[in-house]
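Each chain is listed here by its residues.
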There are 2 protein chains.
Amino acid sequence: MVKGTRERIMDAALRLFGQRGVAGTPVTAIEAEAGLSAGSGSFYRHFADKDELVAEVVDREMARVAKIPAAQVSRAVAGTPAADALAGQLLADLDFLRQLLPMIEILMWERGRLPDLAARVQKVMLDRGIELGVADLLLCAPTAPVREDIAAAAAVMTSAVVGYFLTVEYFGAPPLQIDPQRFTTTLARMLAGTSPTGARPDSVADEHHATDQTPT
Amino acid sequence: MVKGTRERIMDAALRLFGQRGVAGTPVTAIEAEAGLSAGSGSFYRHFADKDELVAEVVDREMARVAKIPAAQVSRAVAGTPAADALAGQLLADLDFLRQLLPMIEILMWERGRLPDLAARVQKVMLDRGIELGVADLLLCAPTAPVREDIAAAAAVMTSAVVGYFLTVEYFGAPPLQIDPQRFTTTLARMLAGTSPTGARPDSVADEHHATDQTPT
DNA sequence: GTCTATATTGGGATAGAC
DNA sequence: GTCTATCCCAATATAGAC
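Residues numbered from 1 in each chain as written. Chains lettered and ligands numbered in written order. Predicted model: local features only at pLDDT ≥ 70, side-chain atom pairs only at ≥ 80, totals over all residues. Heavy atoms only, no water.

The name given to chain A in an unreviewed UniProt entry is TetR/AcrR family transcriptional regulator, with the source organism recorded as Solihabitans fulvus.

## As for the interface of chain A and chain B
Here is the rule: Any pair of residues with heavy atoms lying within 4.5 Å of one another is described as a contacting pair. Accessible-area loss on putting two parts together, using a 1.4 Å probe and summing over both, is the definition of buried area adopted here. A pairing counts as a salt bridge when a side-chain nitrogen of Lys or Arg comes within 4 Å of a carboxyl oxygen of Asp or Glu. Within 3.5 Å is the distance limit for a polar contact, defined as a pair of N or O atoms, with the added protein rule that one can donate a hydrogen and the other accept it, and that residues adjacent in sequence qualify only through two side-chain atoms. Helical segments are the DSSP runs of H or I of at least four residues, strand segments are the runs of E of at least two, and each set is numbered from the N terminus. Three residue categories are used. Nonpolar comprises Ala, Val, Leu, Ile, Met, Phe, Trp, Tyr, Cys and Pro, charged comprises Asp, Glu, Lys and Arg, and polar comprises the others, including Gly.
Facing the 42 residues of chain A at the interface are 41 residues of chain B. With both chains or domains summed, chain A and chain B bury close to 3900 Å², and 70% of this area falls on carbon and sulfur atoms. For R111(A), the salt bridge identified is with E105(B), shortest N-O distance 3.3 Å. Here chain A and chain B share 6 residue pairs in polar contact (both at pLDDT 80 or more) between them. At the level of secondary structure, the elements contributing two or more residues to the side of chain A that touches chain B comprise α5 (82-110), α6 (115-139), α7 (144-148), α8 (150-171) and α9 (180-192) of chain A. Class assignment of the residues belonging to the side of chain A that touches chain B gives a composition of 28 nonpolar, 7 polar and 7 charged.

## What to know about the protein's contact with DNA strand C
This is how it is decided: We define proximity as follows: a residue is near a molecule or strand when any one of its heavy atoms falls within 4 Å of that partner.
Not every one of the 18 residues close to DNA strand C is listed here, only the nearest: T5(A), S40(A), R45(A), H46(A) and V27(B). Sugar and phosphate atoms form 60% of the subset of DNA strand C atoms that lie within 4 Å of the protein. Between DNA strand C and S40(A), the relevant distance is 3.4 Å, taken from a phosphate oxygen to a side-chain nitrogen or oxygen of the residue. R45(A) places a side-chain nitrogen or oxygen 3.3 Å from a base oxygen of DNA strand C.

## A look at unusual backbone geometry
The backbone of Q177(A) shows a phi angle near 60 degrees, a positive value even though the residue is not glycine. Within the secondary structure, Q177(A) sits in the loop between α8 and α9.

## Topic: the pattern of salt bridges
Residue and element names in this part refer to chain A. Selection rule: Burial status follows relative accessibility: with a 1.4 Å probe on protein chains alone, a residue under 20% of its type maximum counts as buried, one over 50% as exposed, and anything between as partly exposed.
In total, this model carries 27 salt bridges over all chains according to the counting rule given. Where R60 meets E7, a salt bridge forms, and the shortest distance between an N and an O atom there is 3.6 Å. Pair noted here: R60 is in helix α3 (residues 50-67) and E7 is in helix α1 (residues 5-20), with a separation of 53 residues, a long-range link. E7 gets classed as partly exposed once you look at its relative accessible area, which sits at 31%. Overlapping salt bridges, with partners in common, bring together K3, E7, D11 and R60 in one network.

This is the structure:
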């Protein structure tokens, strides 16, 4: 079954919006990218105007992201030392951000024109990223500075992941050429304490947010 | 002495570019913001076209930022406890990013069209942010995970600061409502080790960023 | 439901008076 | 060196044939 034109238009738009921005993407370019004749109004047989398209694309993308199960990694690393478990979680967070990337890009271009979009993206990130992260921190054996102010530590954790991700996206290379493995490992140890030998017993990160939560 | 029209145009453009992007800012709006009659081509008596204006604005901004003295804090906090000194440095880094904000905003809008701009902004940030940060880390009594991989720790530090800053800018509020003080304090302790009692004497936040830096 | 063709608007840029 | 007026083009959107 071949995708309908409407779907192809939305796919094309998502691609182009990220690259050139909504305002920078003429309808004619979307038509071309979707395999329609550029300049023909064929687009308008499927959407009333560009704003409607933007809204639909955003909605579809948010729905898709909301369905991404959040718990894969945390569950999988049950039984590993705290820092390693957390490092795995952080790698998964980077991956989650990569999946959010089209939305983030649209948000960057349109945050002035679509103020509510920021709130929606933030909500998804909060739900998936930060709360889970805090749970992990509480279950780990956190380092002293973390224990002193867990919320602040969670903010540091999230900020670091977001900053690393955006640096890669915007500058094309990670800060100081540190690859994701090294980055997440170091960050995790700063949060959960160094796991020197792999000694950490167990029962740390076992039981939580195990349930896969594919909804409805 | 009143600013010349050329300067006022550049000021207006910098303001508008950040808010609405370069492509989203018509020349007519720049004229209006600069106190000229919108729609009159008066703009073109000062710049060949919009691209030239963008280039000039970027150049002026980069020159301004390059002049911002970087060392205030690091120098001033000599002798203070490692974590407190570092926290001060991180606060200053946040402030430095705030001063870079117009450039960052332009970069976000134009990174596709002005690929070299990304490299220039990155260079400024590297020069001012990361290298100093690494120096501080080496001089501190770093925590174990930091000592293990200083470069990775510096990447974490920078990413966290950048991520925190951008979160505030894009979402209007810091992650988990953690204010800059709490954020930098926690991050600093994760890097430099906790400074337990707060017994630390004096001379902490006195002497730094004193020098007014009005150039030329 | 896609095409060709076209009306329309908004914004970049120029001409020439003052 | 700023104005009014205008040109021009790119992009939105529509009309109507097929």
